[in-house]
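Remarks on the overall topology
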Amino acid sequence: MSKKLFIKTYGCQMNVYDSERMTDVLAPIGYGVTEDPDDADLVILNTCHIREKAAEKVYSELGRIRPLKEQKQSNGGRMLVAVAGCVAQAEGAEIMRRAPVVDMVFGPQTYHRLPELVARAVRDGGGVLDTDFPVEDKFDHLPEPTSQTGVTAFLTIQEGCDKFCSFCVVPYTRGAEFSRDVASIEKEARALVAAGVREITLLGQNVNAYRGQGPGDSSWSLAQLLTHLAKIDGLDRLRYTTSHPRDMTDELIAVHRDVPQVMPYLHLPVQSGSDRILDAMNRGHSADEYRRLVDKIRMARPDIALSSDFIVGFPGETDRDFEETLRLIRDVTYSQAFSFKYSERPGTPGTALPQQIEEHVKAERLTELQKLLNEQQIAFNQACVGAKLPVLFEGKGRKPGQSIGRSPYLQPVHVAAKNDLFGEIRDTQVVAALSNSLSGTLCTSEVTS
Ligand code: SF4
């Protein structure tokens, strides 16, 4: 690995996955990862376009990279600078106009072409743009995952979205829903397990809309895929994210009851508790339909930990609408949740809606909402004190002699342990709950599994 690659990843787990795959694509042409941009031969910013601030962050980061590139040049070296991900897809050539330091701009669907893009940038001195939605399936052109070092991994099974929520850029930056075929997913999962992975999170912008080609041209659902992957020896835990309430089928709910490898944790964004706002967001379901769905899920798996996404200050949101959201949160109760102020996104229908909400109102509502969500998260963690939970240990904690892992409910758990517990699943007695983690003691010296 004679050349150095620095990748900075913004946004969602799918961007984390894409960055890992870019590393795999570039390794065969001599690039090894460095954590230090100063010394890099290639800098890639893998960007997120979900909120205004996220996009602007890219330009300020490029401002910090420009002197590094000039320094490298004045020392007789050469640094290539690339912008990838959803801002690249959305803004394309505009990025090179605004930031001439950039040599390459490519989207989430074309990073498998990186060796060719790098060669063109070196030959032509930059100016490389590739934001196609190619016909070829990117995944067929990706090498085996080699950059995997942990015991947990992400695996993208579905990309894009056909839902067109009126606040969201994903359908425009990631394109229409596309599901990978079962065989290529299974192959990648087996390669990850062979590399020491014990827990895989299946990723998709709308993962429970997964419909992939199975053997003999059959069409498989996420429920079928999870049940199938659970049979892989050594794959002890399965998770999936991000789901849409409209695609939460009875078949998938039953998997939470019947397939022990599928963890009792579900991220199910609802965004608002007001039917008027859900309608304006084009979510396609009511608040009560969501409540009934949660009841069904809890019937199948009573201890399941639920997580969600919320947006406050969507255009037209009244105090009454906001109260409806708080009421829904009190009715459902969440183990954790992500919440944001509405942020206008270029090209989405939400920007054209009347009654945009003032920033201070958004801020007040977000504070109130997060206070309630934090109370629920602490209550969920408190309720685990005294319980014995199987924890998958992922590495060393911050303190000496401390190991850290995750419970089935995705809570971080830290224990004091003489030996390195990396990759072990150990029964752990929960002795204390903190706001977003647990502290425990190992039940026995024997490895649980
Ligand atoms: S379902 Fe999710 S990814 Fe799709 S448009 Fe709505 S918010 Fe965006």
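These numbers come from a predicted model, not from an experiment.

Now for the overall build of the chain. Across its full length, the chain holds 13 helices and 21 strands. In terms of principal-axis extent, the alpha carbons of the chain reach across some 60 × 60 × 50 Å. Counting only contacts in the chain whose residues sit at least 6 apart along the sequence, the fraction spanning at least 24 positions is 71%. Accessible surface, the chain as shown: approximately 19,300 Å² in total, 52% of it carbon and sulfur. The averaged location of the 61 negative side-chain charges in the chain is 3 Å from the averaged location of its 52 positive side-chain charges.

Time to look at the pattern of salt bridges. Per the stated rule, a full pass over the model turns up 38 salt bridges. Between Glu317 and Arg365 there is a salt bridge; the shortest N-O distance is 2.8 Å. Here Arg365 lies in helix α13 (residues 359–382) and Glu317 lies in the loop between β15 (305–312) and α12 (319–332), a separation of 48 residues in the sequence. Taken individually, Glu317 and Arg365 each receive the classification buried, so the pair is uniform in this respect. Here Glu324 makes a salt bridge to Arg327, at a shortest N to O gap of 3.3 Å. Residue Glu324 and its partner Arg327 are both found in helix α12; the two are separated by three residues, about one turn of the helix. Look at Glu324 and you get partly exposed, because its relative accessible area is 23%.

Another point: the domain arrangement of the chain. Assigned domains within the chain: domain 1 (3–130), domain 2 (148–263), domain 3 (268–383) and domain 4 (388–448). A C-alpha centroid distance of 31 Å is found between domain 3 and domain 4. Taken together, the contacts link eight residues of domain 3 with nine residues of domain 4. Of the roughly 650 Å² buried between domain 3 and domain 4, counting both surfaces, carbon and sulfur atoms make up 50%. Across the contact surface, domain 3 and domain 4 share zero salt bridges.

Let us look at the packing of aromatic side chains. Scanning all chains against the criterion turns up five aromatic pairs. Measuring from ring centre to ring centre gives 5.1 Å for Phe314 and Tyr342, while their planes differ by 75°; the resulting arrangement is edge-to-face. With Phe314 in the loop between β15 and α12 and Tyr342 in the loop between β16 (336–341) and α13, this residue pair connects regions lying 28 residues apart in the sequence. Given the relative accessible area of 3%, Tyr342 is considered buried. Ring geometry for Phe380 against Tyr409: centres 5.7 Å apart, planes inclined by 85°, an arrangement best described as edge-to-face. Taken as a pair, Phe380 in helix α13 and Tyr409 in the loop between β18 (402–406) and β19 (412–416) lie far apart in primary sequence, 29 residues in all. Its relative accessible area of 14% is what places Tyr409 among the buried residues. Geometry around Tyr59 places Arg98 over its ring, the cationic atom sitting 3.6 Å from the centre.

With that out of the way, let us pick up the site of the ligand. The environment of the ligand is formed by Cys161, Lys163, Phe164, Cys165, Phe167, Cys168, Val170, Pro171, His244 and Arg283. Split into classes, the residues belonging to the shell around the ligand amount to seven nonpolar, one polar and two charged.

One pass over the structure, following the stated rule, counts one cavity of 30 Å³ or more. Empty space within the largest cavity amounts to approximately 40 Å³. For the largest cavity, the full set of lining residues is Tyr17, Glu20, Arg21, Asp24, Pro145, Ser147, Gln148, Phe154, Glu188 and Leu192. Elements supplying a minimum of two residues to the lining of the largest cavity: α1 (13–26) and α7 (182–194). Among the elements that line the lining of the largest cavity, the one with the most residues is α1, at four residues.

Here we come to the packing of α7 against helix α8 (residues 222–229). At a minimum axis distance of 11 Å, the contact between α7 and α8 shows a crossing angle of 35°. α7 and α8 meet at a crossing whose hand is right-handed. On α8, the residues touching Val182, Ile185, Glu186 and Ala189 of α7 are Leu225, His228 and Leu229. Its residues assigned to classes, the contact of α7 with α8 shows five nonpolar, one polar and one charged.

Within the fold, Ser60 resides in helix α2 (residues 52–74). It is 10.0 Å that separates the C-alpha atoms of Ser60 and Ala99, two residues lying 39 residues apart in sequence. Among the polar contacts made by the side chain of Ser60, one reaches the main-chain carbonyl oxygen of Lys57 at a distance of 2.9 Å.

Looking at helix α9 (residues 250–258), one finds that the buried residues are Leu252, Ile253, Ala254, Val255 and His256. Packing partners of the buried residues in α9 comprise α8, β13 (237–241), β14 (265–267) and α11 (287–300).

A separate point is the nonpolar core. Counting 54 residues, the largest nonpolar core has Leu202, Tyr240 and Tyr334 as its most contacted members. Sorting elements by how many residues they give to this core places α11 first, with six residues. Here this core gathers at least three residues from each of two domains, domain 2 (148–263) and domain 3 (268–383). With residues near it in sequence (within four places) discarded, Tyr334 still touches Val270, Tyr290, Leu306, Ser307, Ser308, Phe310, Leu328, Ile329, Leu373, Gln376 and Gln377. In terms of nonpolar packing, the next biggest core, distinct from the first, is built from 24 residues, Ile7, Val25, Leu80 and Tyr111 among them.

Here is what the cut-offs are and how they apply
- Residues numbered from 1 in each chain as written.
- Predicted model: local features only at pLDDT ≥ 70, side-chain atom pairs only at ≥ 80, totals over all residues.
- Heavy atoms only, no water.
- Helix = DSSP H or I, 4+ residues; strand = E, 2+ residues; numbered from the N terminus.
- Contact = heavy atoms within 4.5 Å.
- Areas by Shrake-Rupley, 256 points an atom, 1.4 Å probe, with all protein chains shown as cover.
- Lys, Arg positive; Asp, Glu negative; His and termini not counted.
- Charge placed at Lys NZ, Arg CZ, Asp CG, Glu CD.
- Salt bridge = Lys/Arg side-chain N within 4 Å of Asp/Glu carboxyl O.
- Buried < 20%, exposed > 50% of the residue type's maximum accessible area, 1.4 Å probe, protein only.
- Domains from an automatic or database assignment.
- Buried area = accessible area lost by both parts, 1.4 Å probe.
- Phe/Tyr/Trp six-rings, centres within 6.5 Å; stacked < 30°, edge-to-face > 60°.
- Lys NZ or Arg CZ within 6 Å of the ring centre and 35° of its normal.
- Near = heavy atom within 4 Å.
- Nonpolar A, V, L, I, M, F, W, Y, C, P; charged D, E, K, R; others polar.
- 1 Å grid on protein atoms, 1.4 Å probe; cavity = no way out; pocket = protein on both sides within 12 Å on 5 of 7 lines; lining within 4 Å.
- Points joined across faces, edges and corners; volume = space filled by probe spheres on them.
- Axes fitted to C-alpha atoms, helices over the stretch in contact; angles between N-to-C directions.
- Left-handed = near helix turned anticlockwise from the far one by under 90°.
- Polar contact = N/O pair within 3.5 Å; in protein donor to acceptor, adjacent residues only side chain to side chain.
- Core = buried A, V, L, I, M, F, W, Y, C linked by side-chain atoms within 4.5 Å.

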